[in-house]
Amino acid sequence: MTARRPTTAEQRLRSARVLVVESDAELGPALVEQLTADAYGAELARSAEHARIRAAASPPSLVVLGALDSPRGALELLEEIRLAARAGTPWTQDTPVVVIGPGARELDVLRAFEAGADDYLARPARYLELRARMRAVLRRASGTQAGARALSVGPLSIDLSARSASLHEQAVDLRRQEFQLLVHLAREPDRVFAKDELLRAVWGYRSTGSTRTLDSHASRLRRKLSVEGDRRWVINVWGVGYRLI
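Bear in mind the structure is a predicted one, so any value in this text is a computation, not a measurement.

Draft legend 1. Spatial organisation of the packing of helix H8 (residues 176–187) against helix H9 (residues 195–203). It is at 10 Å that the axes of H8 and H9 come closest, and there the two elements cross at 125°. Classed by the angle they form, the pair H8 and H9 counts as oblique. In terms of crossing hand, the pair formed by H8 and H9 is right-handed. The residues of H9 that touch H8, namely those facing Gln177, Gln180, Leu181, His184 and Leu185, are Glu197, Leu198, Ala201, Val202 and Trp203. When grouped by side-chain class, the residues that make up the contact of H8 with H9 number 6 nonpolar, 3 polar and 1 charged.

Draft legend 2. Fine view of unusual backbone geometry. Cis geometry is found at the peptide bond from Arg123 to Pro124, where omega equals -5°. Its location among the elements puts Pro124 in the loop between strand E5 (119–122) and helix H7 (127–146). A positive phi angle, close to 55°, is found at His168, a residue other than glycine. With a phi angle near 55°, Val234 is a residue other than glycine that sits in the positive phi range. Mapping Val234 onto the fold places it in the loop between helix H10 (213–224) and strand E11 (235–237). For Val234, a relative accessible area of 0% corresponds to the buried category.

Draft legend 3. Layout of the packing of helix H4 (residues 73–82) against helix H6 (residues 106–115). It is at 9 Å that the axes of H4 and H6 come closest, and there the two elements cross at 25°. In terms of orientation, H4 lies roughly parallel with respect to H6. Where H4 abuts H6, its residues Leu75, Leu78, Glu79 and Arg82 lie against Arg111, Ala112 and Ala115. Considering only residue class, the contact of H4 with H6 consists of 4 nonpolar, no polar and 3 charged.

Draft legend 4. Expanded view of the sheet that holds strand E8 (residues 164–167). Spatially, E6-E7-E8-E9 is the arrangement adopted by the 4 strands of the open sheet, whose pairing is antiparallel. Edge positions in the sheet fall to strand E6 (150–153) and strand E9 (170–172), since each has one partner strand and no second. Shown here is a sheet whose adjacent strand axes are inclined to one another by a mean of 25°, direction ignored. By the bridge criterion, 3 bridges tie E8 to E9 in an arrangement that is antiparallel. Residue pairing across strands places Leu167 opposite Gln170, the latter belonging to E9.

Draft legend 5. A look at empty space enclosed by the protein. Using the criterion set out here, one finds 1 cavity of 30 Å³ or more in the structure. What the largest cavity holds in volume is close to 30 Å³. Lining the largest cavity, in full, are Arg82, Gln93, Asp94, Arg163, Leu174, Arg175 and Arg176. Here the lining of the largest cavity is composed, by residue class, of 1 nonpolar, 1 polar and 5 charged.

Draft legend 6. Highlighting the sheet that holds E11. If you walk across this open sheet you meet the 3 strands as E10-E12-E11, and the pairing is antiparallel. Of all the strands in the sheet, the pair left with one neighbour each is strand E10 (193–194) and E11. Of the pairings in the sheet, the one linking E10 to strand E12 (residues 241–243) comprises 2 bridges and is antiparallel in character. Its bridge partner lying in E12, Phe193 is registered against Tyr242.

What counts and what doesn't
- Residues numbered from 1 in each chain as written.
- Predicted model: local features only at pLDDT ≥ 70, side-chain atom pairs only at ≥ 80, totals over all residues.
- Heavy atoms only, no water.
- Axes fitted to C-alpha atoms, helices over the stretch in contact; angles between N-to-C directions.
- Helix = DSSP H or I, 4+ residues; strand = E, 2+ residues; numbered from the N terminus.
- Parallel < 35°, antiparallel > 145°, perpendicular 65-115°, else oblique.
- Left-handed = near helix turned anticlockwise from the far one by under 90°.
- Contact = heavy atoms within 4.5 Å.
- Nonpolar A, V, L, I, M, F, W, Y, C, P; charged D, E, K, R; others polar.
- Buried < 20%, exposed > 50% of the residue type's maximum accessible area, 1.4 Å probe, protein only.
- Pairing = 2+ DSSP bridges.
- 1 Å grid on protein atoms, 1.4 Å probe; cavity = no way out; pocket = protein on both sides within 12 Å on 5 of 7 lines; lining within 4 Å.
- Points joined across faces, edges and corners; volume = space filled by probe spheres on them.

Next comes the structure, spelled out in structure tokens:
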């Protein structure tokens, strides 16, 4: 039986440059070895400073962010990546980041997503699950780039290619997931999107459980779009989900 040849999309995903940021002397090298065996261009950084040097030399397509020496080291580095445009660091602001966090507690997961994570796995992470989630994140990122265009809803304008939004011609500063949530809602602004659908589409969740990730992002997005005298954006339809207007 002839083996199936990988598609162009699969080849593009496998050619992605992955930066593994992990201080654990066993886990970090093991992940890089497994990713390299799967034809990814994988590099290891053992500290935040080492990660900055790696990113400056070769901007990664995706970051796998594990444990760093300080308790908040990983979250601080993630926040730095998301604020890259203003911080003058070597990062690209929209670089997808998959976090391997300390545990499965809701608070750990929520902190990671609020800091800008695209996906989250609890330690000890299984490699096959990590690889599947990486591919899903990369597909979502490439899909957004491929469909780059502009959206407008009344005084709200969204430029997908520039990943920017403005309301009444005033720029709105949005984090990655806030922007992706806004884009998803703006495609059908009058439609009520179920919470499960939004969690799958924006965060790639397969099982939503009792997470408050969506509610916290929707609340921040609503505040950022609040303009005195303007309509109320990001409306919570109780028991169902959210709509934009």
